[in-house]
Amino acid sequence: MSLKLRNIPFSPPDMSGLEANEVRDAILSGWITTGPRTKELEKIISEYVGTEKSVCLNSATAAMEMVLHILGVGPGDEVIVPAYTYTASASVTQHVGAKLVLVDSQEDSVEMDYDLLAEAITERTKVIMPVDLGGIVADYDKVYAIVEQKKHLFKPSNDLQKKIGRIIISADCAHSFGASRHGKMAGSIADFSSFSFHAVKNFTTAEGGAMTWILPFGGEIVPLDADYLPTVPKKEGETWDEMLYRLSQLFSLHGQNKDALAKTKLGAWEYDVIGPWYKCNMTDIMAALGLVQFERYPEMLDRRKAMIEKMDNAFSGLNVALLKHYGADWAGSGHLYMVRLLGKTREETNHVIEQMAEKGIATNVHYKPLPMMTAYKSLGFDIKDFPNAHNLFVNEVTLPLNTCMSDEDVDYVIENFCEIVSNSNTLANSAIIGQGDHFQKVSAIIK
Ligand SMILES: *Cc1c(COP(=O)(O)O)cnc(C)c1O
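Remember, predicted model here, so these are calculated numbers, not experimental data.

Student: Would you take a moment to explain the packing of helix α10 (residues 284-314) against helix α14 (residues 407-423) for this structure?
Tutor: Close contact between α10 and α14 brings their axes to 10 Å; oriented N to C, the two are set at 25°. In terms of axis orientation, α10 runs roughly parallel to α14. The interaxial crossing formed by α10 with α14 has right-handed handedness. Every residue of α14 that contacts α10 at Arg303, Met307, Lys310, Met311 and Ala314 is listed here: Asp407, Val410, Asp411, Val413, Ile414 and Cys418. Looking at the contact of α10 with α14, its residues break down into seven nonpolar, no polar and four charged.

Student: Would you explain the site of the ligand in this entry?
Tutor: If you check the shell around the ligand, you find 15 residues, and the closest are Thr61, Asp172, His175, Ser196 and Lys201. Here an oxygen atom of the ligand sits 2.4 Å away from a polar atom, N or O, in the side chain of Thr61. Tyr367 places a side-chain nitrogen or oxygen 3.2 Å from an oxygen atom of the ligand. Relative to its unbound accessible area of 380 Å², the ligand is 90% covered by the protein chains. By residue number, the principal contributor to the shell around the ligand is helix α3 (residues 60-71), which donates three residues. Residues belonging to the shell around the ligand are distributed by class as follows: six nonpolar, seven polar and two charged.

Student: Sorry, what's going on with the sheet that holds strand β6 (residues 180-181) here?
Tutor: Read across the sheet, four strands follow the order β7-β6-β12-β11 without closing on themselves; strand pairing throughout is antiparallel. Of all the strands in the sheet, just β7 (184-185) and β11 (326-327) have a single pairing partner and so form its edges. For β6 and strand β12 (residues 330-331), the ladder comprises two bridges, and the chain directions are antiparallel. From the neighbouring strand, Arg181 faces β12, where its bridge partner is Trp330.

Student: I keep staring at the pattern of salt bridges and nothing clicks. Help me out?
Tutor: Between side chains of opposite charge, pairing is possible as soon as their charged atoms come close. Tallying each qualifying case throughout the model produces 22 salt bridges. We note a salt bridge from Arg124 to Glu78, for which the minimum N-O separation is 3.1 Å. Pair noted here: Arg124 is in the loop between α5 (114-120) and β4 (125-128) and Glu78 is in strand β2 (residues 78-82), with a separation of 46 residues, a long-range link. Note that Arg166 and Asp191 form a salt bridge whose closest N and O atoms lie 2.9 Å from each other. Residue Arg166 is found in the loop between α7 (159-164) and β5 (168-173), and its partner Asp191 is found in the loop between β7 and β8 (192-196); the two are separated by 25 residues along the sequence.

Student: Just checking my understanding: could you explain the environment of Gly74 for this structure?
Tutor: With respect to the secondary-structure elements, Gly74 resides in the loop between α3 and β2. Each C-alpha atom, one on Gly74 and one on Tyr144, is 22 Å from the other, the two residues being 70 residues apart in sequence. Ignoring anything within four residues of it in the chain, the contact list for Gly74 reads Val96, Gly97 and Ala98.

Student: I tried to follow a nonpolar patch on the surface on my own but got confused; where do I start?
Tutor: Nonpolar side chains collect at one region of the surface, where Ile27, Leu28 and Ile32 lie side by side and expose about 290 Å² of accessible area between them. If you trace the backbone, Leu28 turns up in helix α1 (residues 17-28). What makes Leu28 exposed here is its relative accessible area of 58%.

Student: Looking at this structure, I do not really get unusual backbone geometry. What am I missing?
Tutor: Excluding glycine, residues mostly carry a negative phi; peptide bonds, for their part, are mostly trans. Following His366, the chain continues to Tyr367 via a peptide bond in cis, the omega torsion being -5°. The phi dihedral of Leu229 falls on the positive side, at around 40°, and the residue is not glycine. By secondary structure assignment, the location of Leu229 is in the loop between β9 (209-213) and α8 (240-252). Classification of Leu229 by relative accessible area gives buried; the value is 15%. You will see that His254, though not glycine, has its phi angle at about 65°, which is positive. Relative to the elements of secondary structure, His254 occurs in the loop between α8 and α9 (260-263). Looking at His254, the relative accessible area reads 37%, which means it is partly exposed.

Student: So what exactly am I meant to see when it comes to helix α2 (residues 36-49) here?
Tutor: Since the α-helix turns once every 3.6 residues, residues separated by three or four places project in the same direction. Between the first and last C-alpha of α2 there are 20 Å, a value that for 14 residues agrees with the 20 Å anticipated at 1.5 Å per step. For α2, the full list of buried residues reads Arg37, Thr38, Leu41, Glu42, Ile44, Ile45, Ser46 and Val49. The positive-phi residue at the C-terminal boundary of α2 is Gly50, with phi of around 90°.

Student: Would you mind going over the environment of Leu247 with me for this structure?
Tutor: Positionally, Leu247 belongs in helix α8. On the accessibility criterion, Leu247 (0% relative accessible area) is buried. Measuring from C-alpha to C-alpha, the distance between Leu247 and Val232 comes to 7.9 Å, with 15 residues separating the pair along the chain. Excluding residues within four positions of it along the chain, Leu247 makes contact with Ile70, Tyr228, Leu229 and Val232.

Student: Any chance you could explain the UniProt feature "active site" (unreviewed entry) in the protein chain here in plain terms?
Tutor: Per the UniProt record, "active site" (unreviewed entry) is found at Lys201. Within the secondary structure, Lys201 sits in the loop between β8 and β9. Not counting residues within four places of it along the chain, the set of residues in contact with Lys201 comprises Ala174, His175, Ser196 and His335.

Student: How should I be thinking about the UniProt feature "modified residue: N6-(pyridoxal phosphate)lysine" (unreviewed entry) in the protein chain in this particular structure?
Tutor: UniProt records the feature "modified residue: N6-(pyridoxal phosphate)lysine" (unreviewed entry) at Lys201, using the numbering of this structure. The exposure class assigned to Lys201 is buried, which follows from its relative accessible area of 18%.

Student: I'm lost on the packing of aromatic side chains in this one. Help?
Tutor: To describe a pair of aromatic rings, one takes the distance between the centres and the angle between the planes. Under the counting rule described, the total for this entry stands at 17 aromatic pairs. A ring pair is formed by Phe315 and Phe417, whose centres lie 5.0 Å apart and whose planes are at 65°; its orientation type is edge-to-face. Residue Phe315 is located in the loop between α10 and β10 (320-323), and its partner Phe417 is located in helix α14; the two are separated by 102 residues in the primary sequence. The buried category is assigned to Phe315, whose relative accessible area is 0%. Clustering of aromatic rings is evident, with ring pairs tying together Tyr48, Phe177, Phe195, Phe197, Phe203, Phe294 and Tyr297. Of note, Lys305 hangs over the ring of Tyr326, and the distance from its end group to the ring centre comes to 5.0 Å. Its end group placed over the ring of Phe393, Arg346 keeps NZ or CZ at 5.1 Å from the ring centre.

Calculation criteria
- Residues numbered from 1 in each chain as written.
- Predicted model: local features only at pLDDT ≥ 70, side-chain atom pairs only at ≥ 80, totals over all residues.
- Heavy atoms only, no water.
- Axes fitted to C-alpha atoms, helices over the stretch in contact; angles between N-to-C directions.
- Helix = DSSP H or I, 4+ residues; strand = E, 2+ residues; numbered from the N terminus.
- Parallel < 35°, antiparallel > 145°, perpendicular 65-115°, else oblique.
- Left-handed = near helix turned anticlockwise from the far one by under 90°.
- Contact = heavy atoms within 4.5 Å.
- Nonpolar A, V, L, I, M, F, W, Y, C, P; charged D, E, K, R; others polar.
- Near = heavy atom within 4 Å.
- Polar contact = N/O pair within 3.5 Å; in protein donor to acceptor, adjacent residues only side chain to side chain.
- Areas by Shrake-Rupley, 256 points an atom, 1.4 Å probe, with all protein chains shown as cover.
- Pairing = 2+ DSSP bridges.
- Salt bridge = Lys/Arg side-chain N within 4 Å of Asp/Glu carboxyl O.
- Patch = residues over 30% accessible without salt bridge, like charges linked within 9 Å, V, L, I, M, F, W, Y side chains within 5 Å.
- Buried < 20%, exposed > 50% of the residue type's maximum accessible area, 1.4 Å probe, protein only.
- Expected span 1.5 Å × (residues − 1).
- UniProt positions renumbered as here; feature names shortened; annotations may be inferred.
- Phe/Tyr/Trp six-rings, centres within 6.5 Å; stacked < 30°, edge-to-face > 60°.
- Lys NZ or Arg CZ within 6 Å of the ring centre and 35° of its normal.

In structure tokens, the structure reads:
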């Protein structure tokens, strides 16, 4: 290979001088923790995704756990999560003491097997947590149809659950900020959604995340005698949306009934602690990053799309399956360039990873399924029960795809990957893995 060695990191944060300036302004503004910039970012996010409100927190994990707290999910309840995801989707169920139920993937798709999902539902199921893997919005039409169909099994344990009236859908949108499906943005599709703004994600606040929700009764007043989280006092004339927002502030800030800003008012020192709760608020320094990233985000999404199209074309002759990121009435956020090396074992795929590393190209694997991890083995899960997730894992490699890459970097990844994979291939047979049925083979590009 004649190309000069380059160093291509997997997912460096795309930070410009604009972010640096805004962080500097935040630092010198005299207000560095949760304050005006965080509130501004919340407003921008709800406008962007199309919800009444959003809550900025310090991670997607905090947001997903917050959803369970707000719903009053805990011991005795079951939460269903795909086996093929990152630990955070599942670990939050353990934090609230609920029972984790893992579901296998579809054959050749990163989405849950929806027949198995339906079978996994019991009278104790409270929440299903689909994952928008790689930034592609999952098939929520199917998930909504299933929870409707299983409505008769649902046993609400408080008035919020009763108003929803069926199993609640809480989406792991860690990858899908900016993605859409059937004209709706991720964040306003599932009942509750959690975004991640961690440093490796498309849109970052270093650490950070946001929770959104969309409830048809969100504008209705909560009755003062509502049977809902008895330790939280109800407020006269407060809507469900307002109450959920207030609750998330309480849960994220020690259960303190005044935030730091309110306490800075002269003479207003006194506050109460309503519950012994959590600490997971976003700071204004983080929000400063988010405000600038938001300005740049449309361009960043376009750039991802252009890179993906270029890579898809370049790889069409290889014996690989590619994740399909865009369709007629949907668009992913282009978060992960996942590739499956058809017919290869994990060892052979790891060899490709090593050869890429020798060329200075960082790759990753999304994911080693949860039942293969010690923590989940200890909970009694066995990968033998998740054959499709295991099949997805054995030949998966994720190539670098980030908005710090130049055109030359993209070409360099393409040329090296083509060379390395063709040298280990005899068969040319590629496929694009599609949405809904993610790993659907598209004959047009099968060579
Ligand atoms: C990154 C990630 C998370 C966790 O996000 P944090 O903001 O780090 O808590 C959750 N789920 C998936 C699928 C992720 O990739």
